[in-house]
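The lines below spell out each chain.
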Amino acid sequence: MIIEAKDLDYQVDGRQILHQLNLGVTKGDYLTIAGPSGSGKSTFLKLLAGFLTPSAGTIEFQGRAQESYPIPAYRQQVSYCIQQPLLFGRTVQDNLAFPYAITNQPVDTARINHLLKAVDLPPRYVEKGITELSGGERQRVALVRNLLLEPAVLLLDEVTTGLDEASKQIVLHLLETEHQRGKTLIKVTHDAEEIEAAGHLLHMKGGQLINEQ
Amino acid sequence: MSSNLTVSNLSLVIAALGMVLAIGISTKEKLGLHKDILYSVARAIVQLTVVGYVLKGVFHVANLWLTLALSLIIILNASWNSYQRNGKQKRGFWYSFLAIFCSTTFTIGLLVLSGSIKPIAQQLVPITGMVASNSMVAIGLAFRAMRTQYQQQEQQVNEMLALGATAAQASKGILRESIKTAMQPTIDSAKTVGLVALPGMMSGLIFAGVDPVYAIKYQIMVVFMLLSATSLGSVIAIYLSYRSYFTERLQLKVPR
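Residues numbered from 1 in each chain as written. Chains lettered and ligands numbered in written order. Predicted model: local features only at pLDDT ≥ 70, side-chain atom pairs only at ≥ 80, totals over all residues. Heavy atoms only, no water.

Peer 1: Would you explain the overall build of chain B in this entry?
Peer 2: What chain B contains, in helices and strands, is ten helices and zero strands. Counted from the first residue to the last, chain B has its helices and strands arranged as α-α-α-α-α-α-α-α-α-α. Its C-alpha atoms give chain B principal-axis dimensions of roughly 70 × 55 × 35 Å. By the burial criterion, 35% of the 256 residues in chain B qualify as buried. Restricting to contacts in chain B with at least 6 residues of sequence separation, those with at least 24 account for 70%. Taken as a whole, chain B presents about 14800 Å² of accessible surface, with 68% of it coming from carbon and sulfur. Positive and negative side-chain charges in chain B, numbering 21 and 8 respectively, have mean positions lying 7 Å apart. (Helix = DSSP H or I, 4+ residues; strand = E, 2+ residues; numbered from the N terminus. Buried < 20%, exposed > 50% of the residue type's maximum accessible area, 1.4 Å probe, protein only. Contact = heavy atoms within 4.5 Å. Areas by Shrake-Rupley, 256 points an atom, 1.4 Å probe, with all protein chains shown as cover. Lys, Arg positive; Asp, Glu negative; His and termini not counted. Charge placed at Lys NZ, Arg CZ, Asp CG, Glu CD.)

Peer 1: Mind showing me how you'd approach the pattern of salt bridges here?
Peer 2: Note on pairing: side chains with opposite charge can pair once their charged atoms come close. Under the definition given, this model contains twelve salt bridges over all chains. The closest approach of N and O atoms between A:Arg145 and B:Glu159, which form a salt bridge, is 2.9 Å. One end of the pair, A:Arg145, is in helix α5 (residues 135-147); the other, B:Glu159, is in helix α7 (residues 154-162), on a second chain. Ionic pairing is found between A:Asp191 and A:Lys168, a salt bridge with its closest N-O pair at 2.9 Å. Linking A:Asp191 in the loop between β8 (184-188) and α7 (192-197) with A:Lys168 in helix α6 (residues 165-180), this pair joins segments that are 23 residues apart in sequence. Taking the relative accessible area as the measure of exposure, A:Asp191 reaches 21% and is therefore partly exposed. The exposure class of A:Lys168 is buried, given its relative accessible area of 5%. (Salt bridge = Lys/Arg side-chain N within 4 Å of Asp/Glu carboxyl O.)

Peer 1: Explain unusual backbone geometry here, please?
Peer 2: A negative phi angle characterises most non-glycine residues, just as the trans form characterises most peptide bonds. Residues and elements named next belong to chain A. The residue Asp7 is not glycine, and still its phi comes out positive at about 50°. Mapped onto the elements of the fold, Asp7 is located in strand β1 (residues 3-12). Not every positive phi belongs to a glycine, and Asp120 is a case in point at roughly 60°. With respect to the helices and strands, Asp120 occurs in the loop between α4 (109-118) and α5. With a relative accessible area of 54%, Asp120 lands in the exposed category.

Peer 1: How should the side chain of A:Asp29 be read in this particular structure?
Peer 2: All names here are of chain A. Following the sequence through the fold, Asp29 ends up in the loop between β2 (15-25) and β3 (30-34). An unpaired buried charge is present at Asp29: no salt bridge exists, and Lys187, the closest side chain of opposite charge, is 12 Å distant. With near-sequence residues (within four places) excluded, Asp29 lies in contact with His179, Lys183, Thr184, Leu185 and His200.

Peer 1: Honestly, the interface of chain B and chain A in this entry has me stumped. Any pointers?
Peer 2: A common measure of how large an interface is: the accessible area buried when the components associate. Contacts between chain B and chain A engage 15 residues on the former and 24 residues on the latter. Looking at the side of chain B facing chain A, the largest losses of area belong to B:Glu159, B:Leu163 and B:Arg249, adding up to 39% of the total buried there. Summed over the shared surface of chain B and chain A, the result is one salt bridge. Run the count over chain B and chain A and you get twelve residue pairs in polar contact (both at pLDDT 80 or more). Residue composition of the side of chain B that touches chain A, by class: six nonpolar, seven polar and two charged. (Buried area = accessible area lost by both parts, 1.4 Å probe. Polar contact = N/O pair within 3.5 Å; in protein donor to acceptor, adjacent residues only side chain to side chain. Nonpolar A, V, L, I, M, F, W, Y, C, P; charged D, E, K, R; others polar.)

Peer 1: Even after reading the chapter, I still don't get the side chain of A:Glu178, so can you show me in this structure?
Peer 2: All names here are of chain A. Relative to the elements of secondary structure, Glu178 occurs in helix α6. A distance of 3.0 Å separates polar atoms of two side chains, one belonging to Glu178 and the other to Lys183. The contacts of Glu178, once residues within four sequence positions are left out, are Leu115, Leu147 and Lys183.

Peer 1: I tried to follow the nonpolar core on my own but got confused; where do I start?
Peer 2: Generally speaking, soluble globular proteins have nonpolar side chains that are buried together. Counting 73 residues, the largest nonpolar core has A:Leu21, A:Phe44, A:Leu155, A:Ile186, B:Met146, B:Tyr150 and B:Phe246 as the members making the most contacts within it. If one sorts the elements of this core by residue count, helix α6 (residues 121-152) of chain B sits on top with eight residues. Of all hydrophobic cores here, the second largest spans 32 residues; its members include A:Tyr30, A:Ile112, A:Leu143 and A:Val159. (Core = buried A, V, L, I, M, F, W, Y, C linked by side-chain atoms within 4.5 Å.)

Peer 1: I'm lost on the environment of B:Phe97 in this one. Help?
Peer 2: All names here are of chain B. Along the chain, the position of Phe97 falls in helix α5 (residues 92-114). Here the alpha-carbon distance between Phe97 and Tyr83, two residues 14 residues apart in the chain, equals 8.9 Å. In this structure Phe97 touches Leu72, Ile75, Leu76 and Ser79, once residues within four positions along its chain are discounted.

Peer 1: Honestly, the UniProt feature "transmembrane region" (unreviewed entry) in chain B in this entry has me stumped. Any pointers?
Peer 2: Residue and element names in this part refer to chain B. Per the UniProt record, "transmembrane region" (unreviewed entry) is found at residues 6-25, 61-80, 92-112, 124-143, 193-214 and 220-242. Helix makes up 100% of residues 92-112 and strand 0%, whereas the separation of the span's terminal C-alpha atoms amounts to 30 Å. When the span residues 124-143 is considered, its composition is 100% helix and 0% strand, and the gap between its end C-alpha atoms is 28 Å. (UniProt positions renumbered as here; feature names shortened; annotations may be inferred.)

Peer 1: What is the right way to look at the domain arrangement of chain B in this model?
Peer 2: Residues and elements named next belong to chain B. For chain B, the assigned domains are domain 1 (1-61) and domain 2 (63-245). Here the C-alpha centre of domain 2 lies 27 Å away from the C-alpha centre of domain 1. Facing eight residues of domain 1, the contacting portion of domain 2 comprises ten residues. Summed over both partners, the interface of domain 1 with domain 2 comes to about 740 Å²; 77% of that surface belongs to carbon and sulfur atoms. Between the two partners, domain 1 and domain 2, sit zero salt bridges. For the interface between domain 1 and domain 2, the tally reads one residue pair in polar contact (both at pLDDT 80 or more). (Domains from an automatic or database assignment.)

Structure, rendered in structure tokens:
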């Protein structure tokens with residue numbers, strides 16, 4: 001298992017969101033999680049990303065407890081793609097140079113251009129101001145930003161929500177490519193088409209993940 | 001005392017008409033401030049009277065340790081005020097104290113070493129008050145700016161954390177802006193000094209009959225001194241306290 005949740009509980013303000021949740025994800029899996037709003041899908045991703053702390057239970061990454069990793073190093077490996085990202089700084093370049101800056105690596109322009117091309121954005125887009133981007137372009141830049149450091153696991157929180165059809169297909173194609181390259185993907189979605197096409201689908205119900213296939 | 005400084009008790013009573021005017025405006029405009037005005041004036045009178053007599057005693061004794069103790073009390077008071085005014089954050093008093101203590105001692109140390117002021121009570125105590133109070137105001141501004149920025153940029157900070165940034169890397173822009181906000185009033189007032197207002201130090205010396213050309217030298221020294229104190233104070237306060245916005249597992253927790 002590359003990532004594993006064991007007897008995971010999460011409570012907030014006395015409300016039980018997740019209850020005794022167990023999940024093991026193998027390396028290279030492309031898991032889709034569906035379920036009604038408020039069922040705890042996004043909460044589960046935030047727990048996996050270390051943005052929330054479980055009330056009980058453990059999360060393991062590559063056989064070691066999440067707490068045993070320095071959290072920045074863990075998040076570089078288990079990369080969380082936030083729902084409706086805002087981007088930061090002034091330009092696309094500010095966003096794409098950031099993963100390199102925080103890891104003290106030189107900016108890999110070839111990799112940036114390759115990934116921009118994969119999401120159908122020309123290299124000159126690095127100079128664009130973030131306010132000039134459409135919602136779909138912003139989401140694609142955010143995905144590229146998450147992929148630059150080659151994380152082992154991608155946590156995708158409704159990354160196609162609110163996108164036009166063209167942007168959605170580009171994003172889904174990139175995710176499929178990353179899956180083919182051996183990355184582990186855990187995706188939360190409401191989209192009926194994505195749920196229909198999912199290879200490995202689980203439903204969040206009563207704070208647990210259930211296989212309904 | 002210079003012969004042109006003659007504030008009699010009667011002069012003070014006449015000057016108190018200003019306070020009566022403020023109470024009149026508060027009543028007429030239904031501002032509801034008259035109790036507050038009376039309380040603050042009464043407090044100011046008591047505080048200043050006590051300080052007047054304490055200073056007289058300290059100047060008379062002329063003991064360096066007593067002077068340093070009084071300076072420390074000023075710094076402790078400034079730190080307590082800064083802590084009370086800024087949401088009483090965890091360890092906030094000690095962050096404020098360290099920032100005000102370091103900025104004040106460094107700035108005054110520089111002035112003493114350069115020979116600009118002498119290590120005597122008459123000079124050390126008023127200068128400590130001036131430096132510590134400016135540092136206190138700057139730290140207050142820095143704390144408020146930092147809180148507002150974390151509230152406004154919560155998602156951006158979370159996006160950076162999600163990419164594997166440390167708290168320092170995700171807060172870099174916020175820290176820079178907070179320090180800038182804290183220093184801006186000192187820089188702005190340095191630009192207009194002498195043109196808009198004749199500041200306290202210079203006014204005091206002119207009141208006491210000192211040649212204005214000589215008085216400006218002291219005012220220039222004050223400009224340097226306040227720039228040093230506000231920049232150092234806000235940098236120390238911000239770098240000590242930003243980490244309290246994050247949990248041990250680097251989860252951003254912004255107070256509402």
